[in-house]
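Structural overview for review
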Amino acid sequence: MFPIGFIQGRLSPIIDGKIQAFPWKYWKKEFEIASKLGFSLIEWTLDQKGLHKNPLMTYHGQREIAILMKEYNISIPSLTGDCFMQSPFYKSNFNLRKTLVKDFQKVIKSCGQLNVKIIIFPLVDNGSIENKDQENILLDVLSLVESELMKYDIKIAFDSDFPPKKLNSFIDKLSSQYFGINYDI
């Protein structure tokens, strides 16, 4: 039997009309609900709003998450990085970009602390790549963080609105050891 999972926030009341958002008031309760429903996996959701306060991003929060994972026998193999779509560093001015890239690096490290192995990186909606400059900035930063991905054995899977040939061309520029495509059905 395959393990069954859900995207965080989907077992909580809808937040601001969104079915996918970090459930600040309910995130701990979702572990219990998931366990009772027979789920064994959670895909963590990370939003830009409150990024640095998200439990995944803090030492205390990581300890709480680890305790809940053990108590309810639930793992977190993946993270949806909605924060990257909400504030794409490759669309930001130089000063903001430096801050957002540091945030990206901290997300990788935080995932490494909890053994989260896949970061879903949305290149859709506000995160859509609109020109070659944005694509080049993104590729440069991905090259920069590759050693951190290797250190923590983490892979990045892209959600993209590129047409197939463009998506193939984009992904071919990256190491298949650390980068791939997230395919939702």
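First, a word on scope: everything that follows refers to the structure included in this document. Not measured: the values here are computed from a predicted model.

1. Quick word on the packing of helix H4 (residues 94–113) against helix H5 (residues 132–152)
- Remark: H4 packs on H5, axes separated minimally by 10 Å, with the N-to-C direction vectors making an angle of 25°. It follows from the interaxial angle that H4 and H5 lie roughly parallel. When the axes of H4 and H5 are compared, the crossing they make is right-handed. Contacts from Arg97, Val101, Phe104, Gln105, Ile108, Lys109, Gly112 and Gln113 of H4 reach H5 at Ile137, Val141, Leu142, Leu144, Val145, Glu148, Leu149 and Tyr152.
- Within the contact of H4 with H5, the residues separate by chemical class into 10 nonpolar, three polar and three charged.

2. Details of the pattern of salt bridges
- On inspection of all chains with the given rule, the structure shows eight salt bridges.
- Note that Glu32 and Lys36 form a salt bridge whose closest N and O atoms lie 2.9 Å from each other. Of this pair, Glu32 and Lys36 both sit in helix H1 (residues 27–37), four residues apart, which is roughly one turn of the helix.
- Given a relative accessible area of 66%, Lys36 falls into the exposed group.
- One connected set of salt bridges, linked through shared partners, spans Lys132, Glu135, Lys166 and Lys173.

3. Considerations on the packing of aromatic side chains
- Scanning all chains against the criterion turns up 17 aromatic pairs.
- Against the face of Phe162 rests Lys166, its NZ or CZ located 5.2 Å from the ring centre.

4. Details of empty space enclosed by the protein
- Taken as a whole and assessed by the stated rule, the structure comprises one cavity of 30 Å³ or more.
- The space that makes up the largest cavity amounts to roughly 50 Å³.
- Looking at the largest cavity, the residues that line it are Gln48, Leu51, Cys83, Phe84, Ser87, Phe89, Leu100, Asp103, Phe104 and Val107.
- Going through the elements one at a time, helix H3 (82–86) and H4 are the ones with two or more residues in the lining of the largest cavity.
- Its residues placed into classes, the lining of the largest cavity shows seven nonpolar, two polar and one charged.

Criteria and cut-off values
- Residues numbered from 1 in each chain as written.
- Predicted model: local features only at pLDDT ≥ 70, side-chain atom pairs only at ≥ 80, totals over all residues.
- Heavy atoms only, no water.
- Axes fitted to C-alpha atoms, helices over the stretch in contact; angles between N-to-C directions.
- Helix = DSSP H or I, 4+ residues; strand = E, 2+ residues; numbered from the N terminus.
- Parallel < 35°, antiparallel > 145°, perpendicular 65-115°, else oblique.
- Left-handed = near helix turned anticlockwise from the far one by under 90°.
- Contact = heavy atoms within 4.5 Å.
- Nonpolar A, V, L, I, M, F, W, Y, C, P; charged D, E, K, R; others polar.
- Salt bridge = Lys/Arg side-chain N within 4 Å of Asp/Glu carboxyl O.
- Buried < 20%, exposed > 50% of the residue type's maximum accessible area, 1.4 Å probe, protein only.
- Phe/Tyr/Trp six-rings, centres within 6.5 Å; stacked < 30°, edge-to-face > 60°.
- Lys NZ or Arg CZ within 6 Å of the ring centre and 35° of its normal.
- 1 Å grid on protein atoms, 1.4 Å probe; cavity = no way out; pocket = protein on both sides within 12 Å on 5 of 7 lines; lining within 4 Å.
- Points joined across faces, edges and corners; volume = space filled by probe spheres on them.

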